[in-house]
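# Analysis of the macromolecular model
Listed here are the chains, written in short residue letters.
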Amino acid sequence: MTDQSPKAAALLTLTADQRKKLAALARVKARGTTLEAEDLLQGAKARWLNPDSTAGHDAFEVLSGAVNSIASNDRRRSATVRRVEGKRLVAASTDAPDPIELAQDLGPSQDDAYLREQIYRICDDEEVKTLLLLLDDNATRAEILAETGWDVTNYETVRKRMKKWGASLYKEGKL
């Protein structure tokens, strides 16, 4: 008799109700994953039967947890793949157009100029003020980089600080 025999026997002792619950759980957990419900169940059984496993003694609880775990791991892996493949992995170059400039123009509003003016008055960051002035003159990213001598990283950093200033002033009710 091998070490796996008691575990294999435990699988056979699952009640019909427990098997139905596991099948339903696998169907629900398979949604949003690259796996089928049967794949989740087979993976859970493989984890249970693994001789190196230190899982508990209740087959139903261990199988339920394994189905949850396998589905969660698959979703995280898929999200990581989407994030890595969906975003640029190289820094933007100075001669390439700014992706923001390529986006559909929704048209400048008077509110934009007003908000920039309000941020300019309250802000004490000189680089942000410089950026606000250049943006108010409708300068492109390339023009801003040439005028200020900033590299792309510094430009993006200043833009983020400008957005943070605007958001914090809005939260404080100053805008």
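Residues numbered from 1 in each chain as written. Predicted model: local features only at pLDDT ≥ 70, side-chain atom pairs only at ≥ 80, totals over all residues. Heavy atoms only, no water.

## Regarding the nonpolar core
Among soluble globular proteins, nonpolar side chains are generally buried collectively. In this structure, Leu-14, Leu-22, Ala-26, Leu-40, Trp-48, Leu-63 and Val-67 are the most contacted members of the largest nonpolar core, which totals 19 residues. Considering each element in turn, this core owes the most residues, 8 residues, to helix α4 (residues 59-86). Setting aside residues no more than four positions away along its own chain, Val-67 makes contact with Leu-25, Ala-26, Lys-29, Leu-40, Leu-41 and Ala-44. (Core = buried A, V, L, I, M, F, W, Y, C linked by side-chain atoms within 4.5 Å. Buried < 20%, exposed > 50% of the residue type's maximum accessible area, 1.4 Å probe, protein only. Helix = DSSP H or I, 4+ residues; strand = E, 2+ residues; numbered from the N terminus. Contact = heavy atoms within 4.5 Å.)

## Details of the packing of helix α7 (residues 126-136) against helix α9 (residues 152-171)
It is the contact of α7 with α9, at a shortest axis distance of 9 Å, that shows an interaxial angle of 90°. Judged by the angle between their axes, α7 and α9 are roughly perpendicular. Where α7 approaches α9, its residues Glu-127, Val-128, Leu-131, Leu-132 and Leu-135 are matched on the opposing element by Asn-154, Tyr-155, Val-158, Arg-159, Arg-161, Met-162 and Trp-165. For the contact of α7 with α9, the residue count by class is 8 nonpolar, 1 polar and 3 charged. (Axes fitted to C-alpha atoms, helices over the stretch in contact; angles between N-to-C directions. Parallel < 35°, antiparallel > 145°, perpendicular 65-115°, else oblique. Nonpolar A, V, L, I, M, F, W, Y, C, P; charged D, E, K, R; others polar.)

## So, the confidence of the model for the chain
Within the chain, residue pLDDT values average 79, and 80% of them lie at 70 or more. The least confident element of the chain is helix α5 (residues 99-102), whose mean pLDDT is 59; the most confident is helix α8 (residues 141-148), at 90. (pLDDT = per-residue confidence, 0-100.)

## Concerning the side chain of Thr-33
Within the secondary structure, Thr-33 is located in the loop between α2 (16-30) and α3 (37-49). Of note is the side chain of Thr-33, whose polar atom sits 2.7 Å from the backbone oxygen of Ala-30. Here Thr-33 is in contact with Ala-71, Asp-74 and Arg-75, once residues within four sequence places are set aside. (Polar contact = N/O pair within 3.5 Å; in protein donor to acceptor, adjacent residues only side chain to side chain.)

## What to know about α3
The periodicity of an α-helix, 3.6 residues per turn, causes residues three or four places apart in sequence to face the same way. Given a rise of 1.5 Å per residue, 13 residues ought to cover 18 Å, and the 19 Å separating the end C-alpha atoms of α3 matches this to within 8%. Inspection of α3 places Ala-37, Leu-40, Leu-41, Ala-44 and Trp-48 among the buried residues, and these make up the whole buried set. Buried residues in α3, looked at end-on, bunch into an arc of 95°, giving them a common side. (Expected span 1.5 Å × (residues − 1). Arc of directions from axis to C-beta.)

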